[in-house]
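# Topology and contacts: notes
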Amino acid sequence: MSTYYQPKKYPASAFDSMAATAETLPVVIVGAGPVGMAVALGLAQRGIPVTIIEAADQVSFGSRAICISRHSLEAAARLGFGAELEKIVLPWVGGRSFYRDQQVLHFQMRNADHDVRPPMINVSQSEFEQIMVDTIEANPLITLHWSASIAGVLRADDEVTLEVDCADGKRHLRARWVVAADGGRSRMRELAGLRLQGNNYDGRYVIADIHWESELPAERMVWFDPPSNPGSTIIMHKQPKNIWRIDYQLDPSEDAEIETQEDRIRDRITKHLEWLQNDLPWTLEWHGFYSARALALPDFTHGRLLFAGDAAHLVPIFGVRGLNSGMEDAETLAWQLAAVIHGNASAELLQAYSVERHDAWQQNVANAGKSTLIMSPGSHGYMTTRDAILALSVTRPEFSHLINPRQSSATNARISPLTWPTPADVEGIASGDPVDDRRVVTVDGTETSLNMLRGSGFAVLGVNVDAAALATATATLAGALAPESVRAILIGSDTSATSVAVVPDADGGVVAALGARAGEVFVIRPDGVLLCRIDSVGRIEDVVRHLRLGNAPAGASAAVDSGPAIDPAELRRENVWMGLSDALDQVAENDREGFLARLALVLGSQVGQREFEEAIAAATDPTLTVPADENADTAVGA
């Protein structure tokens, strides 16, 4: 019996147009996808009424974005639906890639003892959204209108008027702010006359969900050129309740309209499962189609109209950055827009949102783009080098890192107008970096985590500072940002403190992770990003002033190491891969073999004879070598 999730339908909403004398709505959000609903929940947490307009009569159907990152799980917890979400998810920590029938990569994401949540979980986007809807329905500050689509937009200096098509006819709503979170085919973007800019990739994928009671592990599995579907690439992910997501690439010569018919999809999946020696029955539950794109609006803020999620930017699917980057958009936009609405900051703060999140898109594209060049190489050069990397990785595992999918991780806001310069003489985390959640024990023995201690708002974290001074500084920031939540956390041994949370940090884990020094203060934003690290609690007034202005003090920021060092050998191989690919694409088609021969001669002349012979042996693909007797037969036949 199938366990596939079937979302419930909602009756069309009935509402009246706003009278000219009616008070303008604070915020209207167009789109009840994960991003739009996350913005709504974040604003409602800060006391702001929100109206959501959704064209459909249910949450999305199908798995769609199934991989949710640790950072997005943290956001879900801050927004109030994380506990319900974590009841139904399937965690995973790594994956395997295969070239034909040979394993060429086994990767694992960070999963340390101090981590509160797994690095990645799988759950269908449909169920993810339904939990959000259920949370929204319990919130008196949020109104969600179903079966209501946007027909027109009229923008003014101080408000936006929306024309809405609903079951009872056209209605008009006025809002001081409108958030467009209506997806990759955004109607709001179209009505505003805006276009995404960037790159489209050639790779096309059929995506399908099946019900299959297999015991294969919950990990990302990828086959390049598998015997079951030669020339294709197949991705498999296990979901909860024995649902499996299968993505496979279409050849450029294949007609997508034909290949997305159910009988063709069943045939392709059957071939692969039979090759995996499957003898279990399975059913096709849902299917779709995808092509990789890396596109964005140049600016995400347009007066009183703000764009978020896929309405603002699109990233290739590889590395699962779409929904996860959208959740980052939502958290950042919610606290910044709330600060403007409450009068705690100027509208300039929203330009910081645009700068930060556009740069985050570029960070995602930089990683997803490399993954896409492996998963769906769009040129002769990249196809040639991708196949060469796969063949080499069978016997030369040092090349397998180039196949790594570079799974989604939290982006940084180092170039944000809000981010303070990082002091030149510090180590550890830089201003603008995400602050990882980690397990901690408070002074009274309570086991908790940094995120639970800091809540859904700002945190002022002091390292071996005076508890009373820390409490006073926190109260100053809270007074300036009210009703935003602001909490104090003391890393130290002051057991007499009662107005702040105290973490003794006996093993020094927090101090080491931050690279903190005694007396230093870290101000953490509601979205988990480090706003600044200052040398004393006395500078909190400066923090308040700059937040209100939507800027940061001038000054050069230190280049702080924010993660494991990149292996120079890996960086060299990556540069060779991309440089050679680009060069092959620039060489005349009739000179490609000659170019490679000349390149080999130049490089070979720079090493000894033994090294050159070893390189020739390593570059020889045994699966493509033709035996001598077959050569003779071919010659005779010719």
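Up top is the structure these notes are about.
What comes next is a walk through the structure. Each chain has its residues counted from 1, following the order in which its sequence is written. At least 70 in pLDDT is required for a residue's local features to be given in this predicted model, at least 80 for side-chain atom pairs to be given and counted, and no such filter applies to totals for whole chains, interfaces and linings, which use all residues. In computing side-chain properties, one takes all heavy atoms of the structure into account and sets aside hydrogens as well as water.

## Points about the overall build of the protein chain
Secondary structure is summarised from DSSP: a helix means a run of H or I of at least four residues, a strand means a run of E of at least two, and numbering begins at the N terminus for each. Assigned secondary structure in the protein chain consists of 18 helices and 26 strands. In this treatment the radius of gyration is a C-alpha quantity, and the globule benchmark scales as 2.2 Å times the residue count to the 0.38 power. Radius of gyration (C-alpha) of the protein chain: 27 Å, near the 26 Å computed for a compact globule of 638 residues. Summarising its shape, the C-alpha atoms of the protein chain cover approximately 90 × 65 × 50 Å along the three principal directions. Relative accessibility thresholds used throughout: buried, under 20% of the residue-type maximum; exposed, over 50%; partly exposed, between the two (1.4 Å probe, protein chains only). Looking at the 638 residues of the protein chain, the share that counts as buried comes to 53%. Any pair of residues with heavy atoms lying within 4.5 Å of one another is described as a contacting pair. Sequence separation of 24 or more characterises 73% of the internal contacts of the protein chain that already satisfy a separation of 6 or more. Here the protein chain has roughly 27,700 Å² of accessible surface; of this, 51% comes from carbon and sulfur atoms. By the counting scheme adopted, Arg and Lys are positive, Glu and Asp are negative, and His together with the chain ends is not counted. For charged residues, the charge sits on one atom: NZ in Lys, CZ in Arg, CG in Asp, CD in Glu. Both charge centroids of the protein chain, one from 53 positive and one from 83 negative side chains, sit 3 Å from each other. Note that accessible areas follow from Shrake-Rupley with a 1.4 Å probe, and for residues the cover is restricted to the protein chains shown.

## A short note on the packing of aromatic side chains
Geometry of aromatic contacts follows a simple scheme: Phe, Tyr and Trp rings, the Trp one being its six-membered ring, pair when their centres are within 6.5 Å, and the pair is stacked under 30 degrees between planes, edge-to-face over 60, tilted otherwise. Throughout the structure, instances matching the rule amount to 9 aromatic pairs. Both rings, one in Phe 81 and one in Phe 128, keep their centres 5.6 Å apart while their planes meet at 90°; by these two values the pair is edge-to-face. Remark: Phe 128 occurs in helix H4 (residues 125-137) and Phe 81 occurs in the loop between helix H2 (70-79) and helix H3 (82-86); sequence separation between them is 47 residues. Of the two residues examined, Phe 81 and Phe 128, each falls in the buried class. Between Phe 98 and Trp 223 the ring centres are 5.4 Å apart and the planes differ by 15°, which places this aromatic pair in the stacked class.

## Overview of a nonpolar patch on the surface
Patches were defined on residues exceeding 30% relative accessible area and lacking a salt bridge, with like-charge contacts within 9 Å and nonpolar side-chain contacts (Val, Leu, Ile, Met, Phe, Trp, Tyr) within 5 Å. A carboxyl oxygen of Asp or Glu within 4 Å of a side-chain nitrogen of Lys or Arg is what we treat as a salt bridge. A contiguous nonpolar surface patch, about 240 Å² in accessible area, is contributed by Val 607, Phe 612 and Ile 616. With respect to the helices and strands, the residue Ile 616 is situated in helix H17 (residues 609-619).

## Let's talk about the sheet that holds strand S19 (residues 313-314)
Ordered in space as S6-S5-S13-S14-S15-S12-S16-S19, the 8 strands form an open sheet in which the pairing is mixed. Each edge of the open sheet is held by one strand with a lone partner, namely strand S6 (102-108) and S19. Whether two strands pair depends on DSSP finding at least two bridges between them.

## So, the nonpolar core
By size, the foremost hydrophobic cluster in this structure holds 141 residues, and its most contacted members are Ile 52, Phe 81, Leu 477 and Val 543. In contact with Leu 477, not counting residues within four places along its chain, are Phe 458, Val 460, Val 486, Val 523, Ile 540, Val 543, Val 544 and Leu 547. Put simply, buried Ala, Val, Leu, Ile, Met, Phe, Trp, Tyr and Cys residues joined by side-chain atoms within 4.5 Å make one nonpolar core. Core analysis: the next-biggest nonpolar cluster, separate from the first, contains 19 residues, Phe 98, Trp 212, Leu 250 and Ile 269 among them.

## Side note on H4
An ideal rise of 1.5 Å per residue puts 18 Å on 13 residues; H4 measures up with 18 Å between its terminal C-alpha atoms. In terms of burial, H4 is largely enclosed, as 10 of its 13 residues are buried. Buried within H4 are the following residues: Gln 125, Ser 126, Glu 127, Phe 128, Glu 129, Gln 130, Ile 131, Met 132, Val 133 and Ile 136. A helix's residues, less one, multiplied by 1.5 Å, set its expected span.

## Observations regarding the sheet that holds strand S4 (residues 90-92)
An order of S3-S7-S4 is seen for the 3 strands of this open sheet, with the pairing classed as antiparallel. The open sheet has two edge strands with one neighbour each: strand S3 (67-69) and S4. Within the sheet, the average angular offset between the axes of one strand and its neighbour, ignoring direction, is 35°. Judged from the 3 bridges that link them, S3 and strand S7 (residues 120-122) form a sheet pairing that is antiparallel. Looking at the pairing, Ser 69 lines up with Met 120 of S7. With axes taken as lines fitted to C-alpha atoms, and helix axes fitted only over the stretch in contact, angles between N-to-C directions fall between 0 and 180 degrees. On the sheet, H2 packs against S3 and S7 and is oriented at approximately 75° with respect to S3.

## Observations regarding unusual backbone geometry
Trans is the prevailing form of peptide bonds, just as negative phi is the prevailing case for residues other than glycine. Cis peptide bonds are those with omega within 30 degrees of zero, and the linkage from Ala 482 to Pro 483 qualifies with 10°. Of note, Pro 483 is situated in the loop between helix H12 (467-481) and strand S23 (486-491). One non-glycine residue, Asn 464, lies in positive phi territory at about 50°. Of note, Asn 464 is situated in the loop between strand S22 (458-463) and H12.

## Description of the packing of helix H1 (residues 34-45) against H4
Here H1 crosses H4 at 25°, and the two axes come no closer than 10 Å. Taken together, the axes of H1 and H4 lie roughly parallel to each other. As for the relative orientation of H1 and H4, their crossing is left-handed in sense. Facing H1, whose interface residues are Pro 34, Met 37, Ala 38 and Leu 41, H4 presents Gln 125, Phe 128, Glu 129, Met 132, Val 133, Thr 135 and Ile 136. Only Asp, Glu, Lys and Arg are considered charged, only Ala, Val, Leu, Ile, Met, Phe, Trp, Tyr, Cys and Pro nonpolar, and every remaining residue, Gly among them, polar. Class assignment of the residues belonging to the contact of H1 with H4 gives a composition of 8 nonpolar, 2 polar and 1 charged. When describing relative orientation, an angle under 35 degrees is termed roughly parallel and one over 145 degrees roughly antiparallel, while 65 to 115 degrees is termed roughly perpendicular and anything else oblique. In this scheme the handedness of a crossing depends on how the near helix is turned from the far one: anticlockwise by less than a right angle means left-handed, clockwise means right-handed.

## Structural notes on the pattern of salt bridges
Across all of its chains, the model carries 36 salt bridges by this definition. The salt bridge involving Glu 262 is made with Arg 266; its shortest N-O contact spans 3.3 Å. Remark: Arg 266 and Glu 262 occur in helix H7 (residues 262-275); sequence separation between them is 4 residues, near one turn of the helix. Residue Lys 370 is joined to Glu 574 by a salt bridge in which the shortest nitrogen-to-oxygen separation is 2.8 Å. Note that Lys 370 is positioned in helix H9 (residues 348-375) and Glu 574 in helix H15 (residues 568-586), a separation of 204 residues in sequence.

## What about H1?
With 12 residues, H1 extends 16 Å between its outermost C-alpha atoms, agreeing within 8% with the 16 Å of an ideal straight helix rising 1.5 Å per residue. With 11 of 12 residues buried, H1 lies mostly within the body of the structure. Every buried residue of H1 is accounted for by Pro 34, Val 35, Gly 36, Met 37, Ala 38, Val 39, Ala 40, Leu 41, Gly 42, Leu 43 and Ala 44. Gly 47 occupies a position one or two residues after H1 and carries a positive phi of about 80°.

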